[in-house]
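Listed below, chain by chain, are the residues.
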Amino acid sequence: TAPTTAQIREKYLSFFESKGHLRLPSHSLIAPDPTTLFTVAGMQPFKPQFMGAAAKFPGYGDNPRVTTAQKCLRVGDIENVGRTLRHCSLLEMLGNFSFGDYFKREALTWAWEFLTSPEWMGLDPSKLYATIYEDDEEAFGIWTKEIGLPEDHLLRFGADENFWPADAPAKGPNGPCGPCSEIFYDRGPAYGDDTWAEYADTRESARFLEIWNNVFPQFERQEPQADGTPTLVELPAKNIDTGMGLERIATVVQDVFDFYSNDVFAPIVARIVELSGKPYLGPESISHRVVAEHVRSVSMTLADGVSLSNTGRGYVIRKILRRASRHAYLLGLREPVLHTLVPLVVASMGSAYPELVSEEARVTAAIRAEEERFLKTLEGGIQRLGGLLEGMQQGGILGGEEAFTLYDTYGFPVDLTKEIAEEYGVSVDEAGYAESLEKAQMLARAGSKYGKSELFGGQDTVGDLSATAFVGYDQLEAEGQVL
Ligand code: ATP
Ligand code: MG
Ligand code: MG
Ligand code: MG
């Protein structure tokens, strides 16, 4: 029988321990440095080591080789949950790191050994493919001559694909970066009839799934020159940073259709099916996926000490939770149910992340309270918006003032309005929305005869989702995409 997600995590960490790595616990989801709000990759806690700091980890030991399973939250992927079958908002990144110790040869040959050896993942080598950075002849030689990967299983891409962070030389962020080599798994014809050669053009495939990024951080990106020329400086030493998505490798190894059929999500999806009476049908069952995935990410983030709020991290989590609420509503669930799924998250994730166990009561209560609040306003907003959209043509534009009314009166965040409108092929006049919002805020600031609470109506409106929060969120989206 196939290993569980927990067993795969453990196998990965012990494989790299057997290669001389020090196992460290996951860093919190609250990012270790200010480049992002949330931790977005396994390497993020180790930026100082990549930049040359000593590889000393008080309480654990000193070692230039480290391995972790890092919980990550990618704001830029929130909306991909539902759209693609390969993105979670919260993911666990399995990583092995070298701080000036081993380099490409060991990284790639160990990755290959872990994936293909029957003792470890036992994947069929003929289903594995890789990409390399355009002029990385060293990686090319290791893949083709030492590992024996056929040349037609390799593709070369530029910095947009094979640099991490993507396009770092031109776009940043400043800090450690380098070319990378990514490993893909061919899920087979059941997922599509495209070929690997076609991936060079499409760069999007349900069949060829990216599972593991092997990054070779050997540069520090610094401020570009005045004329915009990128500045890449060699780091004191060459490093290795790898990241394999645990959800993806588990789905491949368990040979199930998607994340939502693997051992972590299947029990949650089964419960959603039971509660809603709606079967899970794979690609078309967006709402099941959003609910299952978002409940996990919200639970994990709340357990790390983030509170629901109007700005920053708390706002992002509130947005994720409301998105889940809205999808539960679309499944016909009219009572708060998300909080009842928390025990299932704790059951599958609690042994690796004990903070989930100790924080379960607080997490459950916070989700429940927010669900209750949001459901009240959701109902009114969905009805009003549905009525408006039904009367519109595909390609139409919903007026900004209307979007503002939905927000003002029903506590309907504009991104939710946009998402629902999209389903009808309608877009939202965002500039008009911003204008209406600003006008209303000016009135409020001027201390007009409307008290703030009256002007902004119900309990979930501007009072707790302020304009600054929206702007903040757009910035986050951008950040999430950079990293
Ligand atoms: P993709 O191209 O599929 O969006 P990525 O190139 O953005 O993935 P990396 O930044 O290279 O991903 O992260 C390393 C690994 O983490 C990926 O190879 C993948 O296995 C996993 N991963 C990245 N983003 C997600 C996600 N949103 N959900 C699940 N796994 C992910
Ligand atoms: Mg991505
Ligand atoms: Mg990618
Ligand atoms: Mg990648």
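Residues numbered from 1 in each chain as written. Chains lettered and ligands numbered in written order. Predicted model: local features only at pLDDT ≥ 70, side-chain atom pairs only at ≥ 80, totals over all residues.

The subject of this paragraph is the confidence of the model for the protein chain. Here the protein chain averages 90 in pLDDT, and 92% of its residues register 70 or above. Scored below 50 in pLDDT, residues 448-483 shows 65 contacts in the model against residues more than four places distant or in partner chains. The ipTM for the predicted assembly is 0.99, set against a pTM of 0.85. (pLDDT = per-residue confidence, 0-100. Contact = placed C-beta atoms within 7 Å.)

This part covers the site of ligand 1. Near ligand 1 lie 16 residues; those nearest to it are His87, Leu91, Asn213, Gly243 and Gly245. Secondary structure elements with two or more residues in the shell around ligand 1: strand 5 (90-98), strand 10 (208-215), strand 13 (240-245) and helix 8 (246-253). Broken down by element, the shell around ligand 1 gets its largest block of residues, four residues, from strand 10. (Near = placed C-beta within 6 Å. Helix = DSSP H or I, 4+ residues; strand = E, 2+ residues; numbered from the N terminus.)

Looking now at helix 9 (residues 266-276). Taken residue by residue, helix 9 has Ile268, Val269 and Ile272 as its buried positions. Seen end-on, helix 9 carries its buried residues on one side only, within an arc spanning 95°. At its buried positions, helix 9 is contacted by helix 10 (286-303) and helix 12 (342-349). Remark: Gly277 follows helix 9 within two positions and exhibits a positive phi of approximately 70°. (Buried ≥ 20, exposed ≤ 12 C-beta atoms within 10 Å, placed from the backbone. Arc of directions from axis to C-beta.)

What follows covers the packing of helix 10 against helix 11 (residues 312-330). Direction vectors running N to C along helix 10 and helix 11 enclose 150°, while the axes themselves pass 8 Å from each other. With respect to each other, helix 10 and helix 11 are oriented roughly antiparallel. As helix 10 packs across helix 11, the resulting crossing turns out to be left-handed. Here Ser287, Val290, Val291, His294, Val295, Ser297, Val298, Thr301 and Leu302 of helix 10 come into contact with helix 11, specifically with Ile317, Ile320, Leu321, Arg323, Ala324, His327, Ala328 and Leu330. Counted by class, the contact of helix 10 with helix 11 contains eleven nonpolar, five polar and one charged residues. (Axes fitted to C-alpha atoms, helices over the stretch in contact; angles between N-to-C directions. Parallel < 35°, antiparallel > 145°, perpendicular 65-115°, else oblique. Left-handed = near helix turned anticlockwise from the far one by under 90°. Nonpolar A, V, L, I, M, F, W, Y, C, P; charged D, E, K, R; others polar.)

Moving on, we come to the environment of Tyr329. Topologically, Tyr329 is positioned in helix 11. A sequence separation of 56 residues divides Tyr329 from Val273, and the C-alpha atoms of the two residues are 13 Å apart. In contact with Tyr329, other than residues within four places in its own chain, are Leu378 and Ile382.

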